[in-house]
Amino acid sequence: GKANNEGERPTMDAVSFGPQVANCSISRTRKDKRLWTLTKPSVGETNPSLGLPFGSIQSVRINEWLAAPQARFSNDYVELINLDDRPVALGEVAVTSNYVSVPKEHRFPTLSFMGPKKHLLMESLGKAQKRRHPCDLPFRLPSHNGWVRLVGANGAEIDKVHYTAQRPDVAQ
């Protein structure tokens, strides 16, 4: 594009994304140049015709959580695991501690992915702290009793855990 009066060039294209898969890239494929998807890197070459095949979102589970940080940990956290042999698309999938009032308390941005057989750690920062990463959760886990739910982009429940009183610095 043409430079403006300050010599700055306008943005011609941009993409935002969430967590990514190691040794993969997001790119436009030759088949549909408008859509971004997960692909194998093709630096200096033509982009692939198709994106990588995805596993089922139903293979993602809540693997671990910490609701009572004290000395060893500074924040609560939730960890997901992908049990599939293929990467899974997480775009618009939600994690919530309050399914009734806020079923999509934290939604992954489009172009968010989990690698095959991998874990994804999400820190619970609460509403007071500024989110630094798309995996930072905008809520805290109550230490006395609570739920963590994983909700699909379509609103269907994928996984849930209920917990009772938590011991300090002990993950479940």
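What counts and what doesn't
Throughout, residues of each chain are indexed from 1 in the direction in which the sequence is written. Only residues with pLDDT of at least 70 get local features here, since the model is predicted, and only at 80 or more are side-chain atom pairs given and counted; chain-wide, interface and lining totals rely on the full set of residues. To obtain the side-chain values, all non-hydrogen atoms of the structure were used and water was disregarded. Residue-level confidence of the predictor is what pLDDT reports, using numbers from 0 through 100. By definition, any uninterrupted DSSP run of H or I lasting at least four residues is a helix, any uninterrupted run of E lasting at least two residues is a strand, and each is numbered from the N terminus. For two strands to be treated as a pair, DSSP must find at least two bridges joining them. Note on geometry: axes are lines fitted to C-alpha atoms, helical ones only across the stretch in contact, with angles between N-to-C directions running from 0 to 180 degrees. Salt bridge, as used here, is a side-chain nitrogen of Lys or Arg placed within 4 Å of a carboxyl oxygen of Asp or Glu. Type-normalised accessible area, obtained with a 1.4 Å probe on protein chains alone, sets the label of each residue: buried when under 20%, exposed when over 50%, and partly exposed for intermediate values. Counting rule applied: Lys, Arg positive; Asp, Glu negative; His and chain ends not counted. Here a polar contact means two N or O atoms within 3.5 Å. Within protein one must be a hydrogen donor candidate and the other an acceptor candidate, and residues neighboring in sequence count only if both atoms are side-chain atoms. When checking whether two residues touch, look at their non-hydrogen atoms; a contact exists if any pair is within 4.5 Å. Joining through side-chain atoms within 4.5 Å is the link that ties buried Ala, Val, Leu, Ile, Met, Phe, Trp, Tyr and Cys residues into a set, and such a set is a nonpolar core.

Chemist: Honestly, the confidence of the model for the chain in this entry has me stumped. Any pointers?
Modeler: Residues shown with low pLDDT carry predicted positions that ought not to be read at fine detail. Counting all residues, the mean pLDDT for the chain is 87, and 95% of those residues have values of 70 or more. The least confident element of the chain is strand S7 (residues 106-107), whose mean pLDDT is 90; the most confident is strand S5 (residues 88-89), at 98.

Chemist: Just checking my understanding: could you explain the sheet that holds strand S4 (residues 76-82) for this structure?
Modeler: Strand pairing in a sheet is mediated by backbone hydrogen bonds. Such pairs are either parallel or antiparallel. In space, the three strands of this open sheet follow the order S3-S4-S9, with antiparallel pairing throughout. The outermost strands of the open sheet, each flanked by one partner alone, are strand S3 (60-66) and strand S9 (119-124). Averaged over all pairs of adjacent strands, the angle between their axes in this sheet comes to 20°, without regard to strand direction. When S4 meets S9, the two strands line up antiparallel, connected through six bridges. Within the sheet, the bridge partner assigned to Glu79 lies in S9 and is Leu121.

Chemist: What's the story with the pattern of salt bridges in this structure? I'm lost.
Modeler: Side chains that differ in sign of charge can pair as their charged atoms come close. In total, this model carries seven salt bridges according to the counting rule given. Glu92 is the partner of Arg107 in a salt bridge, and the nearest nitrogen-oxygen pair spans 2.1 Å. Of this pair, Arg107 sits in strand S7 while Glu92 sits in the loop between S5 and strand S6 (94-96); the two residues are 15 residues apart in sequence, bridging distant segments of the chain. The partly exposed category is assigned to Glu92, whose relative accessible area is 25%.

Chemist: Please explain the side chain of Glu79 as it appears in this structure.
Modeler: Along the chain, the position of Glu79 falls in strand S4. Of the side chains with opposite charge, Lys118 lies nearest to the buried Glu79, which makes no salt bridge, at 12 Å. Of note is the side chain of Glu79, whose polar atom sits 2.6 Å from the side chain of Asn63. With near-sequence residues (within four places) excluded, Glu79 lies in contact with Arg61, Ile62, Asn63, Glu64, His119, Leu120 and Leu121.

Chemist: I tried to follow the environment of Ala71 on my own but got confused; where do I start?
Modeler: Considering the arrangement of structural elements, one finds Ala71 in the loop between S3 and S4. Overall, Ala71 belongs to the exposed group, its relative accessible area being 69%. Sequence separation between Ala71 and Pro168 is 97 residues, and the spatial gap between their C-alpha atoms is 8.1 Å.

Chemist: Would you mind showing me how to read the side chain of Thr96 here?
Modeler: Along the chain, Thr96 falls in strand S6. Note on Thr96: relative accessible area 0%, which makes it buried. At 2.9 Å, the side chain of Thr96 forms a polar contact with the backbone nitrogen of Asn98.

Chemist: How should the nonpolar core be read in this particular structure?
Modeler: Within soluble globular proteins, side chains that are nonpolar tend to cluster in buried spots. Core analysis: the biggest nonpolar cluster contains 23 residues, and Leu80 and Phe108 have the highest contact counts within it. At the level of secondary structure, the elements contributing two or more residues to this core comprise S3, S4, S9, strand S10 (146-151) and strand S11 (157-163). Judged by nonpolar contacts, the second largest core, of six residues, contains Val21, Cys24, Leu111 and Phe113.

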